[in-house]
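# Chain and residue survey
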Amino acid sequence: ALKKDEKVVSCGCPNLTWPNAWLGSVRSLEATAFTFVPEPIPGRSGSGIFDEEGRHIVGLLIQLDKQDGGFGRAVSLESIYKYTDDLKVLDHTDT
């Protein structure tokens, strides 16, 4: 589980430009998400957020917030698993 001030990394192609990466840190933890700094570049929504070594995904970037100097918000991996498990329960298609 993530902790406040833990280092995180991300890599993506904002607004269809060349890939870039950044090293940041967890700012706060919420029930289903976490916030981090630095603020993400617009167009990076959906990018993976990884642990400091870049080996394990810890969340998906969902929001840029310009308040309080700017920060990003990511939905946590645990929440993603819960959502996908809920979808399996609701899936009534024949396989």
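Notes on the structure in this doc start here. (Residues numbered from 1 in each chain as written. Predicted model: local features only at pLDDT ≥ 70, side-chain atom pairs only at ≥ 80, totals over all residues. Heavy atoms only, no water.)

Now for the overall build of the chain. In terms of regular secondary structure, the chain is built from 1 helix and 6 strands. For the chain, the α and β elements follow one another from N to C terminus as β-β-β-β-β-β-α. Along the first, second and third principal axes, the C-alpha set of the chain runs to 45 × 30 × 30 Å. Residues counted as buried form 35% of the 95 residues belonging to the chain. In the chain, the proportion of contacts linking residues at least 24 apart, taken out of those at least 6 apart, comes to 45%. For the chain, the exposed surface amounts to about 6,300 Å²; the carbon and sulfur share of it is 58%. Charge-centre separation for the chain: the mean point of 10 positive side chains lies 5 Å from the mean point of 14 negative side chains. (Helix = DSSP H or I, 4+ residues; strand = E, 2+ residues; numbered from the N terminus. Buried < 20%, exposed > 50% of the residue type's maximum accessible area, 1.4 Å probe, protein only. Contact = heavy atoms within 4.5 Å. Areas by Shrake-Rupley, 256 points an atom, 1.4 Å probe, with all protein chains shown as cover. Lys, Arg positive; Asp, Glu negative; His and termini not counted. Charge placed at Lys NZ, Arg CZ, Asp CG, Glu CD.)

It is worth spelling out the packing of aromatic side chains at this point. Think of a pair of aromatic rings as described by two things: how far the centres are apart, and how the planes are tilted against each other in angle. Summed over all chains, the structure comprises 2 aromatic pairs. Ring geometry for Phe-34 versus Phe-36: centroids 6.4 Å apart, planes at 55 degrees, classification tilted. Like Phe-34, the residue Phe-36 is buried in the burial classification. Every member of this aromatic cluster is reached through a ring pair, and the members are Trp-22, Phe-34 and Phe-36. For the cation-ring pair, Arg-27 lies above Phe-71, with the distance from its terminal atom to the ring centre recorded as 4.1 Å. (Phe/Tyr/Trp six-rings, centres within 6.5 Å; stacked < 30°, edge-to-face > 60°. Lys NZ or Arg CZ within 6 Å of the ring centre and 35° of its normal.)

Grouped together as the largest cluster of nonpolar side chains are 10 residues: Leu-2, Val-8, Trp-22, Val-26, Phe-34, Phe-36, Ile-49, Val-58, Leu-61 and Ala-74. Contributions of two or more residues to this core are made by strand 2 (20–29), strand 3 (33–37) and strand 5 (57–65). For Val-58, the contacting residues outside a window of four places in its chain are Leu-2, Val-8, Phe-34, Ile-49, Phe-50, Asp-51, Val-75, Ser-76 and Leu-77. (Core = buried A, V, L, I, M, F, W, Y, C linked by side-chain atoms within 4.5 Å.)

The next subject is the sheet that holds strand 6 (residues 71–76). Within the closed barrel, the 6 strands sit side by side as 1-2-3-6-5-4. Their pairing is antiparallel. Here the strands of the sheet are splayed against their neighbours by 45 degrees on average, with no regard to which way each runs. Where strand 1 (residues 7–12) meets strand 2, 6 bridges bridge the pair, whose relative direction is antiparallel. Following the sheet pairing, Val-8 is matched in strand 2 by Gly-24. (Pairing = 2+ DSSP bridges. Axes fitted to C-alpha atoms, helices over the stretch in contact; angles between N-to-C directions.)

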